[in-house]
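An overview of the molecular structure
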Amino acid sequence: MAGWELRPALAADVEAVAELRAVVMRPDLERLGRYDEHRVRQRLRDGFLPPHT
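Notes on the structure in this doc start here. (Residues numbered from 1 in each chain as written. Predicted model: local features only at pLDDT ≥ 70, side-chain atom pairs only at ≥ 80, totals over all residues. Heavy atoms only, no water.)

Side note on a nonpolar patch on the surface
Taken together, the side chains of Leu20, Val23 and Val24 define a hydrophobic patch exposed on the protein surface, amounting to about 290 Å² of accessible area. For Val24, the position within the fold is in helix H1 (residues 14-31). A relative accessible area of 54% places Val24 in the exposed class. (Patch = residues over 30% accessible without salt bridge, like charges linked within 9 Å, V, L, I, M, F, W, Y side chains within 5 Å. Areas by Shrake-Rupley, 256 points an atom, 1.4 Å probe, with all protein chains shown as cover. Salt bridge = Lys/Arg side-chain N within 4 Å of Asp/Glu carboxyl O. Helix = DSSP H or I, 4+ residues; strand = E, 2+ residues; numbered from the N terminus. Buried < 20%, exposed > 50% of the residue type's maximum accessible area, 1.4 Å probe, protein only.)

Following this line, the structure appears as structure tokens:
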């Protein structure tokens, strides 16, 4: 896996992970009529625990 490295999550990673989640989940949430641009990111921020990521 050239260019990839695994490491423990840090608190500073929350925005990158929230953005990735929003992009990946958008098609399904839109299909269900549940996509909210702010809420999809905020839900992750509210529950983000780096030791569990």
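Moving on from the coordinates now.
Here's the deal with the packing of H1 against helix H2 (residues 37-47)
For the pair H1 and H2, the least separation of the axes is 8 Å and the interaxial angle reads 135°. One element, H1, and the other, H2, form an angle in the oblique class. The handedness of the crossing between H1 and H2 comes out as right-handed. Each of Val14, Glu15, Val17, Ala18, Glu19, Arg21, Ala22 and Leu29 in H1 lies in contact with H2, whose residues at this interface are Val40, Arg41, Arg43, Leu44 and Arg45. Here the residues of the contact of H1 with H2 are counted per class, giving seven nonpolar, no polar and six charged. (Axes fitted to C-alpha atoms, helices over the stretch in contact; angles between N-to-C directions. Parallel < 35°, antiparallel > 145°, perpendicular 65-115°, else oblique. Left-handed = near helix turned anticlockwise from the far one by under 90°. Contact = heavy atoms within 4.5 Å. Nonpolar A, V, L, I, M, F, W, Y, C, P; charged D, E, K, R; others polar.)

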